[in-house]
Amino acid sequence: MSDLNATPIKVLSKTVWSPTLFSFTTTRPDGFRFDAGQFVRLGVAPDELMVNADQPKPAISAKIFRAYSVVSSPYDEHLEFFSVVVPDGAFTSQLQHLQVGDTLYLNPEPFGFLTLARYQEPAPKDLWLLATGTGLAPFLSMLGDLDTWQKYDDIVLAYSARTQAELAYIDKIQELQAGFGELVENAARFHFIPIVTREEVTGCQHDRLPTLIANGKLENHATISLNPETSHVMLCGNPQMVDDTKEALKAKGLTMNRRGVGNIAVENYW
C-alpha cells in the first residue's frame, strides 16, 4: 500500500530517555493489525508540528516517511515507537520535537519477517533476543505477547547500550517478566542480561555481544547454552553488531534461518 494512503494518528505521550533517545505513543487506527516483531512506515509533515506553528506554511504539506519497529504488543490499544536522534536527519530532526497532540501518519501495511512465526525447525525451546539500542523495540513487542511466554521454556533478552543512561525500558522489561510470569502457567524462565559497553556499571556486562558469545559469558549468565538443536536467536540493532554476532553464532554451529529452518533471524535496524 502506498504512503499516499497513510492514516493520520495522534501523539499521546512522549518519553525522553537520553539526549539521543526517546519514545512516543500514538493512537491506533481501527482495524490496524501487525505481528510482534514487524515494522511500519511512519510519516511526519514538518509544517504540521506544533514546534513549527509560527513558520510559513507551504501550499502542499510534504511528508517524510521512515521505517519503525513497533514497541507495543499486537493487543495494545495504542502504538508505541522507540527512536534515536540522527544528527541532521530529515526525519528525526523533526520527530525529536514531537508534542502530545501532534499528528503523524501511518502506512497501514506492516512489514518484516522478524517474527516467531518464521521458525519451523528447530521446535521452540529457548529464545534468545539480542539487541543494541533501538533494536530493542521488536523484542518488547514479542515480550508483550502471551504466546511468546507459553511457547518457550527459556527466554534470554540481552540488551546492549553504550551508556547506562541509554538502557531504556528497564522498568517495562521487569514489569513484563513479573506480569506474564503470574499470568501464564509454566511461563518461560526469563533471563535479562543488560550490557553497557562504554562504562563500567554494576550488574551489567561490559563486552560487545559477539565477544560475550565467543568467550561463553553470555551463556554463563543465561545459565543455558546456545544449541543448534534447540535455540531460536534473533538479532536486531546496528549492522556491525548484527554481522559480527552472526559470525560468532555460526562459530558455535548455529545456522541462518531460511524458509523456516535454522536458528538465526536478523533485522538491520538502520
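As the structure is a computational prediction, the values presented were derived from the model and not from experiment. (Residues numbered from 1 in each chain as written. Predicted model: local features only at pLDDT ≥ 70, side-chain atom pairs only at ≥ 80, totals over all residues. Heavy atoms only, no water.)

K.L.:
Mind showing me how you'd approach the packing of aromatic side chains here?
P.N.:
Any pair of aromatic rings gets described here by the distance separating the centres and the angle formed by the planes. On inspection of all chains with the given rule, the structure shows 10 aromatic pairs. Ring centres 5.7 Å apart and planes at 10° place the aromatic pair Trp 149 and Phe 180 in the stacked group. Here Trp 149 is found in helix α3 (residues 146-151), whereas its partner Phe 180 is found in helix α4 (residues 170-183), with 31 residues between them in sequence. In this pair, the class of Trp 149 matches that of Phe 180, namely buried. Consider the rings of Trp 149 and Phe 190, whose centres lie 5.4 Å apart with planes at 45°: the pair is tilted. (Phe/Tyr/Trp six-rings, centres within 6.5 Å; stacked < 30°, edge-to-face > 60°. Helix = DSSP H or I, 4+ residues; strand = E, 2+ residues; numbered from the N terminus. Buried < 20%, exposed > 50% of the residue type's maximum accessible area, 1.4 Å probe, protein only.)

K.L.:
Can you help me understand α4 in this one?
P.N.:
Each α-helix winds once per 3.6 residues, and so residues spaced three or four apart point in a common direction. If you check α4, its first and last C-alpha atoms are 20 Å apart, about what 14 residues at 1.5 Å a residue would give, namely 20 Å. Residues Ile 173, Leu 176 and Phe 180 constitute the buried set of α4. Buried residues in α4, looked at end-on, bunch into an arc of 55°, giving them a common side. Relative to its buried face, α4 has exposed residues pointing more than 90 degrees away, namely Asp 171, Glu 175 and Glu 182. Where α4 is buried, its residues meet α2 (137-143), α3, β8 (154-161) and β9 (189-196). (Expected span 1.5 Å × (residues − 1). Arc of directions from axis to C-beta. Contact = heavy atoms within 4.5 Å.)

K.L.:
Please clarify how the environment of Ala 90 should be interpreted in this entry.
P.N.:
Take Ala 90: it is sitting in the loop between β5 (78-84) and α1 (92-95). What makes Ala 90 partly exposed here is its relative accessible area of 43%. Residues Ala 90 and Val 44 lie 46 residues apart in sequence; the distance between their C-alpha atoms is 10.0 Å. Excluding residues that lie within four positions of it along the chain, Ala 90 makes contacts with Ile 64 and Arg 66.

K.L.:
Which parts of the structure should I look at to understand the pattern of salt bridges?
P.N.:
Oppositely charged side chains are able to pair whenever their charged atoms sit close together. Counted under the stated rule, the structure contains seven salt bridges. One salt bridge in this structure joins Glu 219 and Lys 252, with 3.2 Å as the shortest N-O distance. Of the two residues, Glu 219 sits in helix α6 (residues 217-222) while Lys 252 sits in the loop between α7 (239-250) and β11 (264-268), which places them 33 residues apart along the sequence. We classify Lys 252 as partly exposed; its relative accessible area is 31%. Across the salt bridge formed by Asp 243 and Lys 246, the nearest N and O atoms sit 3.9 Å from each other. One end of the pair, Asp 243, and the other, Lys 246, are both in helix α7, three residues apart, so they sit about a helical turn from each other. What makes Lys 246 buried here is its relative accessible area of 19%. (Salt bridge = Lys/Arg side-chain N within 4 Å of Asp/Glu carboxyl O.)

K.L.:
Could you clarify how one ought to interpret the side chain of Ser 18 in this entry?
P.N.:
Among the structural elements, Ser 18 can be located in strand β1 (residues 7-18). The class of Ser 18 is buried, set by a relative accessible area of 8%. Ignoring any residue separated from it by four or fewer positions in sequence, one finds Ser 18 in contact with Ala 165 and Glu 166.

K.L.:
Teacher, can you tell me more about the sheet that holds strand β3 (residues 39-44) here?
P.N.:
In a beta sheet, neighbouring strands pair by backbone hydrogen bonds and run either parallel or antiparallel. Taken in spatial order, the six strands make up an open sheet running β4-β3-β6-β1-β2-β5, and their pairing is antiparallel. Among the strands making up the open sheet, the edge pair consists of β4 (64-69) and β5. Across this sheet, the average inter-strand angle for adjacent strands is 40°, counted without regard to direction. Sheet topology places β1 next to strand β2 (residues 21-27); six bridges connect them, and they run antiparallel. Bridge pairing links Lys 14 to Phe 24 in β2. (Pairing = 2+ DSSP bridges. Axes fitted to C-alpha atoms, helices over the stretch in contact; angles between N-to-C directions.)

K.L.:
In this structure, what is going on with the environment of Arg 189? I would like to understand it.
P.N.:
Relative to the assigned elements, Arg 189 resides in strand β9. For the pair Arg 189 and Asp 153, spaced 36 residues apart in the sequence, the C-alpha separation amounts to 6.2 Å. Those residues within four positions of Arg 189 in sequence are excluded, and the remaining contacts are Asp 153, Asp 154 and Ile 155.

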